[in-house]
Amino acid sequence: RSVNIVAFGNERDGFSEDNQQPSLIWSYLGRSALISQIDSSLSASHVGNPVFTEYQACVFGNVRLVVHDCPVWDIFDSDWYTSCRLIGAADIIVIKYSVNDKTSFQELKDSYVPMVKKALNHCSAPVIISAIGARKNGVPCTCPLCTSDRRSCVTTSEGVQLAKDLGATYLELHTLNDFYIQKYFGGVLEYFMIQSLNQKSSEKMKKRKKMQKCHRVQPPQLEQPEKMPILKGEASHYNADLHNLLCCCQCADVAFYPEDLSRAVEAHKIILCSVSHLFMLLFGVRSPSDAHDASVVQLAQSLFAVEPGDPFPSSSCGVPPCVPPVRVVVKDSVFCSCLPDILHFIYSGAFQWERLEEDIKKKLKDPDKTEHVLEKVKCILKTPGKPNTVKDCKSHQIKRLCNTSLRLFFNTPVLADVIFKIQGATVPAHRAVLVARCEVMAAMFNGNYLEANSILVPVYGVSKDTFLSFLEYLYTDSCCPASILQAMSLLICAEMYQVMRLQHICELYIITQLQSMPSRELASTSLSIVSLLKKAKFHNSDCLSTWLLHFIATNYLIFSQKPEFQELSVEERNFVEMHRWPSNLYLKQLADYRNYIHSQKCHCTVM
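Remember, it's a predicted structure, so these values are computed and weren't measured experimentally.

**Quick look at a negative patch on the surface**
A contiguous patch of negative charge on the surface is contributed by Asp-74, Asp-77, Glu-107 and Asp-110. Tracing the sequence through the fold places Asp-110 in helix α4 (residues 102–120).

Printed below as a string of structure tokens:
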């Protein structure tokens, strides 16, 4: 048997010259008639002082007493783990302070009492507050209303309030003599020691009785179910897809020329308009009257000129694929020479600003010209009516300001050059986005297929809502299925068009939703997990099908009672039976244990 006591705080005055004055804990251990065989050891030093002193002794004859005396509160700042461990293992906690050291008391109250409270949330040890010393400005006052010594000393009312905050017992020890140490402090401390020993004896007796009830036969141990396969997501390649579109120049519908028309740089209106209001004005997505910033209109007119005779600028809802790209003349020759680098910057996500600066510096080798071009780029990326937030921004800030999101053009006829016909409805889209984001559509629109020269493209085998969700992912690189069934439909569509990352996102969504479903809901749901398994296998979703088999095996007692369980193939049934949880062996052991308990005519506390 043992009792652990932890004492915090320094009972000596902050200005006292008597550093040899014995501590409260040492005085008690040395004077109490109940204490014997005292041994002490110091911990590692902390700023020249011991962090804590450990005393070991015997009390009440054969009870081991362990005391940790921590004179410095810094242990809570320097080693929170150790301080929490000391409090957690304590049977009694003593907090001591000098009534003549108001500064230390205030620091204790403001900084360390909240920490002690937090640590006490995990234990129920009694706390003793010991106010030590005689107030130096006169006879110690015990009146709670007295304020005569409030400025220099810690008043009784302040100590009592601290004890109330901690739910502690408050003691005032005016001097460390035999009366205050043995009868006053010692009496309270020994009372709590006896209470702690009684509580430990009671808990030990309860534990012994509990063990005696079933000491003959132990209930079978239910092992944890097998770990299900972990499905890892795939990193996004959204910006890389758009950058590859620029490199291959498929579906280009705009060509930039210098004033001498010597060479062309091809691009895509949908990408340019998604990042810049200036390009929206240039290609007729917005009219000059809609612009809130005249500087953007002026820059568009001074920097670019759309060749006359083209059907643009216009906001028509689609043009045949055979229409040649819009010819745009770049009036600024220096800017035009850097246009390929600027387009690479825009198509890569418009966030690698430092790289763009470096590329233009290497090409121009002229600081003034470099600054001139970069200012033009900043103005192109500027939001009308707002300050130029691109100026002096770093890469991560520009990414947030000018991300080439295509969400604005999703499911809208603006700049659309293809229309999908599905379930009697029409859905406008943009070939450039489809070709960049989906290899199947890239082959469909650029190969020897009927769709390559058609504006109206029929879609079969998928619902309109599912196809819209599919297109939304292509445009925005994100999807939010409303249900498990919708996620499965989207997975099937993603497999049909070979968009593997979307397929993995749908798999993760289905797994996450099923994992969060409580057993009661799983037993009553009309959702057929076996049907999901069949679809996953048919559409080559190997990760999901393997996970679903483990899921059925892990919830064997639920699924084995459902009619759909009979739809499993022989191979699937054998897998489920082999990996079922709980296992047949455990159920047999449990039945034998129940029979034994019944035969002994005793109540099983486990079951």
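**Considerations on the sheet that holds strand β10 (residues 254–257)**
Strand order in the open sheet formed by four strands is β11-β10-β13-β12, and the pairing between neighbours is mixed. The open sheet terminates on both sides in strands that have one partner only, identified here as β11 (265–267) and β12 (304–306). Going across the sheet, the axis of each strand differs from the next one's by a mean of 30°, ignoring polarity. Relative to strand β13 (residues 326–330), β12 runs antiparallel, the two being bridged by three bridges. Directly across from Ala-305, in β13, lies its bridge partner Val-329.

**Side note on the pairing of strand β9 (residues 169–173)**
Buried residues dominate β9, accounting for four of its five residues. The sheet contact formed by strand β8 (residues 127–132) and β9 spans five bridges and is parallel. Bridge pairing in β9 links Ser-130 to Leu-171.

**Details of helix α13 (residues 353–364)**
The α-helix advances 3.6 residues per turn, and as a result positions three or four apart in sequence lie on the same side. Counted at 1.5 Å a residue, the expected span for α13 with its 12 residues is 16 Å, and the 17 Å between its end C-alpha atoms agrees. Regarding α13, the residues found buried are Trp-353, Leu-356, Ile-360 and Leu-364. Projected onto a plane normal to the axis of α13, the buried residues spread over an arc of 55° and lie on a single side. The outward face of α13, more than 90 degrees from its buried face, is lined by the exposed residues Arg-355 and Lys-362. Phi turns positive, to about 55°, at Lys-365, one or two residues after α13.

**Brief notes about the state of the cysteines**
According to the stated counting rule, one finds zero disulfides in the structure shown. In this model Cys-493 remains outside any disulfide bridge; the closest cysteine sulfur is found in Cys-438, 8.8 Å from its own.

**Section: the pairing of strand β6 (residues 63–70)**
When you tally the buried positions in β6, you get seven out of eight residues, the bulk of the element. In this sheet, β6 lies alongside strand β5 (residues 53–59) in antiparallel orientation, the contact comprising seven bridges. Bridge pairing links Ala-57 to Leu-65 in β6. Hairpin connection, β5 to β6: the antiparallel pair is bridged by three residues, and Phe-60 has positive phi, about 55°.

**Brief notes about the sheet that holds strand β14 (residues 418–422)**
Pairing in this open sheet of three strands is mixed, and the strands run β15-β14-β16 from one edge to the other. What marks the edges here is a single partner per strand, and that holds for β15 (425–429) and β16 (456–458). Going across the sheet, the axis of each strand differs from the next one's by a mean of 30°, ignoring polarity. Here β14 pairs with β16 via three bridges, running parallel. Within β16, the residue paired with Phe-420 across the bridge is Val-457.

**A look at the packing of α13 against helix α14 (residues 367–380)**
Remark: α13 packs on α14, axes separated minimally by 9 Å, with the N-to-C direction vectors making an angle of 140°. The hand of the α13/α14 crossing is right-handed. Packed against α13, whose contacting residues are Trp-353, Leu-356, Glu-357, Ile-360, Lys-361 and Leu-364, the element α14 presents Lys-369, Thr-370, Val-373, Leu-374, Val-377 and Lys-378 at the interface.

**Some thoughts on the side chain of Gln-503**
Relative to the elements of secondary structure, Gln-503 occurs in helix α20 (residues 500–515). According to the relative accessible area criterion, Gln-503 is buried, its value standing at 3%.

**Brief notes about the confidence of the model for the chain**
When pLDDT is low, close inspection of the predicted coordinates is not appropriate. With 84% of its residues at a pLDDT of 70 or more, the chain has an overall mean of 82. In the model, residues 44–49 has pLDDT below 50 throughout and makes eight contacts with residues more than four positions away in sequence or in other chains. In this model residues 310–319 is a low-confidence stretch, pLDDT under 50, and it forms 21 contacts with partners more than four residues away in sequence or in other chains.

**Quick word on the nonpolar core**
Grouped together as the largest cluster of nonpolar side chains are 113 residues, with contacts concentrated most on Phe-256, Phe-420, Phe-467 and Phe-470. Composition of this core by domain shows at least three residues from each of domain 2 (249–311 + 322–386 + 394–403) and domain 3 (513–606). Setting aside anything within four residues of it in sequence, one finds Phe-470 in contact with Cys-438, Met-441, Leu-490, Cys-493, Ala-494, Tyr-497, Val-499 and Leu-502.

**A closer look at the packing of aromatic side chains**
According to the stated counting rule, one finds 22 aromatic pairs in the structure shown. Taking 5.8 Å as the distance between ring centres and 45° as the angle between the ring planes, the aromatic pair formed by Phe-279 and Phe-304 counts as tilted. Placement of the pair is Phe-279 in helix α9 (residues 277–282) and Phe-304 in strand β12, with a sequence separation of 25 residues. A single burial state applies to Phe-279 and to Phe-304, both of which are buried. Here Arg-327 stacks its cationic end above the ring of Tyr-257, 4.5 Å away from the centre of that ring. Looking at Arg-437, its charged tip hangs above the ring of Tyr-473, at a distance of 5.1 Å from the centre.

**Some remarks on the environment of Ser-478**
Counting through the fold element by element, Ser-478 comes out in the loop between α18 (464–476) and α19 (484–496). Every residue in contact with Ser-478, bar those within four places of it in the chain, is listed here: Arg-407, Glu-472 and Tyr-473. Engagement of the side chain of Ser-478 in a polar contact is seen with the side chain of Thr-476, the distance being 3.2 Å.

**A short note on unusual backbone geometry**
Pro-582 follows Trp-581 through a cis peptide bond whose omega is 0°. You can see Pro-582 is positioned in the loop between α25 (570–578) and α26 (584–600). In the Ramachandran plot, Lys-365 falls in the positive-phi region, its phi being about 55° despite a non-glycine side chain. Along the chain, Lys-365 falls in the loop between α13 and α14. Judged by relative accessible area, which is 69%, Lys-365 ranks as exposed. A positive phi angle is found at Gln-423, which is not glycine, with a value near 50°. Relative to the helices and strands, Gln-423 resides in the loop between β14 and β15. On the basis of relative accessible area, Gln-423 is assigned to the exposed category, the value being 61%.

The rules behind these values
- Residues numbered from 1 in each chain as written.
- Predicted model: local features only at pLDDT ≥ 70, side-chain atom pairs only at ≥ 80, totals over all residues.
- Heavy atoms only, no water.
- Patch = residues over 30% accessible without salt bridge, like charges linked within 9 Å, V, L, I, M, F, W, Y side chains within 5 Å.
- Areas by Shrake-Rupley, 256 points an atom, 1.4 Å probe, with all protein chains shown as cover.
- Salt bridge = Lys/Arg side-chain N within 4 Å of Asp/Glu carboxyl O.
- Lys, Arg positive; Asp, Glu negative; His and termini not counted.
- Charge placed at Lys NZ, Arg CZ, Asp CG, Glu CD.
- Helix = DSSP H or I, 4+ residues; strand = E, 2+ residues; numbered from the N terminus.
- Pairing = 2+ DSSP bridges.
- Axes fitted to C-alpha atoms, helices over the stretch in contact; angles between N-to-C directions.
- Buried < 20%, exposed > 50% of the residue type's maximum accessible area, 1.4 Å probe, protein only.
- Expected span 1.5 Å × (residues − 1).
- Arc of directions from axis to C-beta.
- Disulfide = S-S within 2.5 Å.
- Left-handed = near helix turned anticlockwise from the far one by under 90°.
- Contact = heavy atoms within 4.5 Å.
- pLDDT = per-residue confidence, 0-100.
- Core = buried A, V, L, I, M, F, W, Y, C linked by side-chain atoms within 4.5 Å.
- Domains from an automatic or database assignment.
- Phe/Tyr/Trp six-rings, centres within 6.5 Å; stacked < 30°, edge-to-face > 60°.
- Lys NZ or Arg CZ within 6 Å of the ring centre and 35° of its normal.
- Polar contact = N/O pair within 3.5 Å; in protein donor to acceptor, adjacent residues only side chain to side chain.

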